[in-house]
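# A structural walkthrough
Chain residues, written in single-letter form:
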Amino acid sequence: MGWLPRFVLPRTLRAQGIVGMNARNARFIAQYNHRRFYPRVDDKLETKRLALDAGLSVPELYGVVRSHHEIRKLDRLLRAYPGGFVIKPAHGAAGDGILVITGWRGDRLRRASGRTMEMSELHDHCSNILSGMYSLGGRPDMAMIEQRVRFSSAFDQITYRGVPDIRTVVYRGYPVMAMMRLPTQDSDGKANLHQGAVGTGIDLASGKTIGGVQHNRPIWEHPDTEHSIVGLEIPGWGDLMQLASGCYELSKLGYLGVDVVIDQNRGPLILELNARPGLAIQIANGEGLESRLLAVDAHLVGRDGTEPPEQRARWAGEVFARHEATEATPADAASATPVTQDADSTGIELR
């Protein structure tokens, strides 16, 4: 399809197969995501437990802060991890409240951005997490302390002081679209699109990147490193696709976002799951989701739905392979830039 025109009518977007928020919620989430299974993905501690029970790889859990008086014990615990750690809310959303610490500088903590902070500031951050500042619905929360992932050297030249992750949308157990989210200076080293990270589409067959988008505009080089983000082959792509596909059984959700990081020592690790994955993945790929979702529906007609994850991942790679050239040219951007819409029936939110 190529990059989508910036200002278009809703009916044009529908004709191009772009799935908006209302369509996603009514046609796919409401039908295939039963609410009794939401705690499996909305509670990151529960997600981690389920993944470990299923034999799937996740970042190591160092500790959990459940009450304000436990914050005082953090100093001794965190000193045991001189190489850094990550603190995140157990019920957070959209990357809010995640604090990445890469190490120590004397008594100060060094953040992924390179700035330092006092331990008292970290205590305040944990207190805010417990109070529900970052949680879904503002309810009281817990602070998780996890292993800091050391990302694969394959991404050294296309990321800024953070760990890139890979978001895959899995529909009825089949991977249908994927993108890599690259931290930038704008995003403060976080792989979060609405904070300024770069999203780059991925060919499901080869695992190669196909061009990117930042702030809803197409780009072909990382804005900070100035290295090309096109044609990068993601290591262990077959394993990653199978891991994402297997999260269908883990979550029991039919429309799912799977976020994976690639650790240089442990390989693909499940970072988190999302029952309401954002739709900017369509912009990053320059293609709408609808045709792919309908292809899965057609494939499952008359089938009992018992295909194993590896078979589902292989089918998706074959059916959704990009047969056109994988590298867009900068000239394409002269007349077209990605869709920018409000949160209406065709809205595309950044996550």
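Along each chain, residues carry numbers from 1 onward, in the same order as the chain's sequence is written. Totals for whole chains, interfaces and linings use every residue, but because this is a predicted model, local features are given only for residues with pLDDT of at least 70 and side-chain atom pairs only at 80 or more, for both listing and counting. To obtain the side-chain values, all non-hydrogen atoms of the structure were included, while hydrogens and water were left out.

## Here we look at unusual backbone geometry
Counted only if it meets this: Secondary structure elements follow DSSP: runs of H or I no shorter than four residues count as helices, runs of E no shorter than two count as strands, and numbering proceeds from the N terminus. Exposure categories follow from relative accessible area, calculated using a 1.4 Å probe and restricted to protein chains: below 20% of the type maximum is buried, above 50% is exposed, and the middle band is partly exposed.
Its identity as a non-glycine residue notwithstanding, Arg172 has a phi of 55 degrees, on the positive side. Looking at where Arg172 falls in the secondary structure, it is placed in the loop between strand 7 (165-171) and strand 8 (174-182). Looking at Arg172, the relative accessible area reads 23%, which means it is partly exposed. One non-glycine residue with positive phi stands out, namely Glu226, at about 65 degrees. Of note, Glu226 is situated in the loop between strand 11 (217-219) and strand 12 (230-233). Owing to a relative accessible area of 59%, Glu226 belongs among the exposed residues under this scheme.

## Remarks on the layout of surface pockets
In plain terms, the rule: Here a cavity denotes a set of grid points, spaced 1 Å apart and computed over the protein atoms alone, in which a 1.4 Å probe fits but from which it cannot get out, and a pocket denotes an open set meeting protein on both sides within 12 Å along at least five of seven lines; residues with an atom within 4 Å of a point are reported as lining. Grid points are joined across faces, edges and corners, and a volume is the space filled by probe spheres set on the points. Gly counts as polar in this scheme, as do all residues outside two lists: the nonpolar Ala, Val, Leu, Ile, Met, Phe, Trp, Tyr, Cys and Pro, and the charged Asp, Glu, Lys and Arg.
Volume-wise, the largest pocket comes out at about 620 Å³. Going through the elements one at a time, strand 2 (85-89), strand 3 (99-105), strand 4 (108-111), strand 7, strand 13 (255-263) and strand 14 (267-274) are the ones with two or more residues in the lining of the largest pocket. By residue number, the principal contributor to the lining of the largest pocket is strand 14, which donates 3 residues. Counted by class, the lining of the largest pocket contains 12 nonpolar, 8 polar and 14 charged residues.

## Here we look at the packing of aromatic side chains
Applicable threshold: Aromatic contacts are taken between Phe, Tyr and Trp rings whose centres are within 6.5 Å, Trp giving its six-membered ring; a plane angle under 30 degrees counts as stacked, one over 60 as edge-to-face, and the others as tilted. When the NZ atom of lysine or the CZ atom of arginine is within 6 Å of a ring's centre and also within 35 degrees of its normal, the charge is said to sit over that ring.
Per the stated rule, a full pass over the model turns up 7 aromatic pairs. Look at Phe28 and Tyr255: their rings are 6.1 Å apart centre to centre, the planes differ by 20 degrees, and that puts the pair in the stacked class. Taken together, the residues Phe28 in helix 2 (residues 21-32) and Tyr255 in strand 13 connect sequence positions 227 residues apart. With respect to burial, Phe28 and Tyr255 carry one shared label: buried. Between Arg35 and the ring centre of Tyr38, over which it is positioned, the NZ or CZ distance is 4.6 Å. Over the face of the ring belonging to Trp104 we find Arg79, whose NZ or CZ atom lies 3.8 Å from the ring centre.

## A look at the nonpolar core
Rule in force here: In this text, buried Ala, Val, Leu, Ile, Met, Phe, Trp, Tyr and Cys residues form a nonpolar core when linked through side-chain atoms within 4.5 Å. We call two residues in contact when some of their heavy atoms are within 4.5 Å.
The biggest cluster of nonpolar side chains holds 64 residues, and the ones touching the most others in it are Met180, Trp237, Tyr255 and Leu289. Excluding anything up to four places from it in sequence, Leu289 contacts Gly17, Val19, Val176, Met177, Tyr255, Leu279, Ile281 and Gln282. Counting 20 residues, the second largest nonpolar core, distinct from the first, contains Ile71, Ile87, Leu130 and Ile145.

## Quick notes on the pairing of strand 7
Convention followed: When DSSP locates at least two bridges between a pair of strands, those strands are taken to pair.
Summarising burial for strand 7: 7 of the 7 residues are buried, a large majority. By the alternation rule, side chains of strand 7 split into Asp165, Arg167, Val169 and Tyr171 and Ile166, Thr168 and Val170, which are all buried. What sits between strand 7 and strand 8 in their antiparallel hairpin is a turn of 2 residues, with Arg172 showing a positive phi close to 55 degrees. Across 6 bridges, the pairing between strand 7 and strand 13 is antiparallel. Bridge pairing in strand 13 places Tyr171 opposite Tyr255.

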